[in-house]
Number of protein chains: 2
Amino acid sequence: MTRVNELHTQWMQDLEYQAAYDKPEGGFALASALIEARASAGITQEELARRMETTQSAVARLEGGRSQPSTRTLEKIAKATGTRLKISFEPNKLLKAP
Amino acid sequence: MTRVNELHTQWMQDLEYQAAYDKPEGGFALASALIEARASAGITQEELARRMETTQSAVARLEGGRSQPSTRTLEKIAKATGTRLKISFEPNKLLKAP
DNA sequence: TGAGGTCATAGCAAAAATGTTATATAATAA
DNA sequence: TTATTATATAACATTTTTGCTATGACCTCA
């Protein structure tokens, strides 16, 4: 049992995690979505890397927001964390103020 | 006025487009999400390319599902189509059948 | 103190995405 | 028919992501 694993037990009880590449600026929202997905799976970077058939350092780079991953990579993450990848283009803010 | 533009007028009236990289297999869902986003903006591949600072052929390649775009590219598409990019890892199917 | 475990970073080579030019096809309008 | 417009494809150079091998920092626990 390790830190992330403990977080897991705690989070899985009441966490509605639906992190998204949404609000923030520089793509760091995606990074936190990755971290949450991994935490929800209760695994380490090492284990996630194993499931994605890559290395721990690659996972750290992704979570650190130091790359702009392709959908290929995002799909691997989804599979490895037991989640479903969803990418959408949603209608934007209001056009004119009332 | 061109074909897509006409589609636009038609769609914008009643289309709740929220295409997603969701159900299907080979990443073609993303492709159709792209097409819908562009159609909702009522522009041609050529115009989308101009807004993304790339070329029409690159857009065609994306919409044809012949690449796995990075979040960098997805962001460009969102900005160019006036939409908001949303990427999320959602909880998966049921674990055990009752 | 030291060992073990987790995560972050740097640097490099290989792979994939991207930008670009040049066509080709299809549909429409004149 | 011809001209024009929109989209699809191929081929290639450039850029970015990705995989990999260290290595260092930070904990916790014995």
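Now for a look at the structure at hand. All of these numbers come straight from a predicted model, not from anything done at the bench.

Some words on the overall build of chain A
Helix and strand counts for chain A come out as five helices and one strand. Reading chain A from its N end, one meets helices and strands in the order α-α-α-α-α-β. If you take every contact in chain A between residues at least 6 apart in sequence, the share linking residues at least 24 apart comes to 47%. Summed over its atoms, the accessible surface of chain A is roughly 5,900 Å², and 52% of this surface lies on carbon and sulfur atoms.

Re the relation of the copies chain A and chain B
Taken as rigid bodies, chain A and chain B are interconverted by a rotation of 180° and an axial shift of 0.0 Å, the fit giving an RMSD of 0.0 Å. The two molecules are tied by a two-fold rotation axis, judged by turn and shift. Within chain A, the C-alpha atom positioned nearest to the axis of rotation is that of A:Ser70, 1.9 Å from it. An overlap of 100% is found between the interface residues of chain A and their copies at the interface of chain B, pointing to a shared contact surface.

A short note on the pairing of strand 1 (residues 83-91) of chain B
Counting buried positions along strand 1 of chain B gives seven out of nine residues, so the element sits mostly inside the fold. The pairing of strand 1 (residues 83-91) of chain A with strand 1 of chain B spans nine bridges and is classified as antiparallel. Residue pairing for strand 1 of chain B: A:Ile87 is matched across the bridge by B:Ile87.

Quick look at the packing of helix 2 (residues 28-41) of chain A against helix 5 (residues 71-81) of chain A
Residues and elements named next belong to chain A. Contact pair helix 2 / helix 5: the axes reach a minimum separation of 9 Å and the direction vectors enclose 25°. When the interaxial angle is binned, helix 2 and helix 5 end up roughly parallel. Facing helix 2, whose interface residues are Leu-30, Leu-34, Ala-37, Arg-38 and Ala-41, helix 5 presents Leu-74, Ile-77 and Thr-81. Of the residues belonging to the contact of helix 2 with helix 5, the class tally is six nonpolar, one polar and one charged.

As for the interface of chain A and chain B
Each side of the interface is counted separately: chain A has 30 residues, and chain B has 30 residues. Of the roughly 3,400 Å² buried at the junction of chain A and chain B (both faces included), carbon and sulfur atoms supply 51%. Counting the contacts that link chain A with chain B gives four salt bridges. The shortest N-O distance in the salt bridge between B:Glu90 and A:Arg84 comes to 3.3 Å. Inspection of the chain A/chain B interface yields eight residue pairs in polar contact (both at pLDDT 80 or more).

Concerning the pattern of salt bridges
Opposite charge on two side chains permits pairing when their charged atoms draw close. All names here are of chain A. For the coordinates displayed, the defined rule picks out 12 salt bridges over all chains. In this structure, Arg-50 engages Glu-47 in a salt bridge whose closest nitrogen and oxygen atoms are separated by 2.7 Å. With Arg-50 and Glu-47 both in helix 3 (residues 45-52) and three residues apart, this pair spans about one turn of that helix. Arg-50 gets classed as exposed once you look at its relative accessible area, which sits at 55%. Residues joined in a network through salt bridges with shared partners are Glu-47, Arg-50 and Arg-51.

Conventions we followed
- Residues numbered from 1 in each chain as written.
- Chains lettered and ligands numbered in written order.
- Predicted model: local features only at pLDDT ≥ 70, side-chain atom pairs only at ≥ 80, totals over all residues.
- Heavy atoms only, no water.
- Helix = DSSP H or I, 4+ residues; strand = E, 2+ residues; numbered from the N terminus.
- Contact = heavy atoms within 4.5 Å.
- Areas by Shrake-Rupley, 256 points an atom, 1.4 Å probe, with all protein chains shown as cover.
- Least-squares fit on C-alpha atoms with pLDDT ≥ 70 in both.
- Buried < 20%, exposed > 50% of the residue type's maximum accessible area, 1.4 Å probe, protein only.
- Pairing = 2+ DSSP bridges.
- Axes fitted to C-alpha atoms, helices over the stretch in contact; angles between N-to-C directions.
- Parallel < 35°, antiparallel > 145°, perpendicular 65-115°, else oblique.
- Nonpolar A, V, L, I, M, F, W, Y, C, P; charged D, E, K, R; others polar.
- Buried area = accessible area lost by both parts, 1.4 Å probe.
- Salt bridge = Lys/Arg side-chain N within 4 Å of Asp/Glu carboxyl O.
- Polar contact = N/O pair within 3.5 Å; in protein donor to acceptor, adjacent residues only side chain to side chain.

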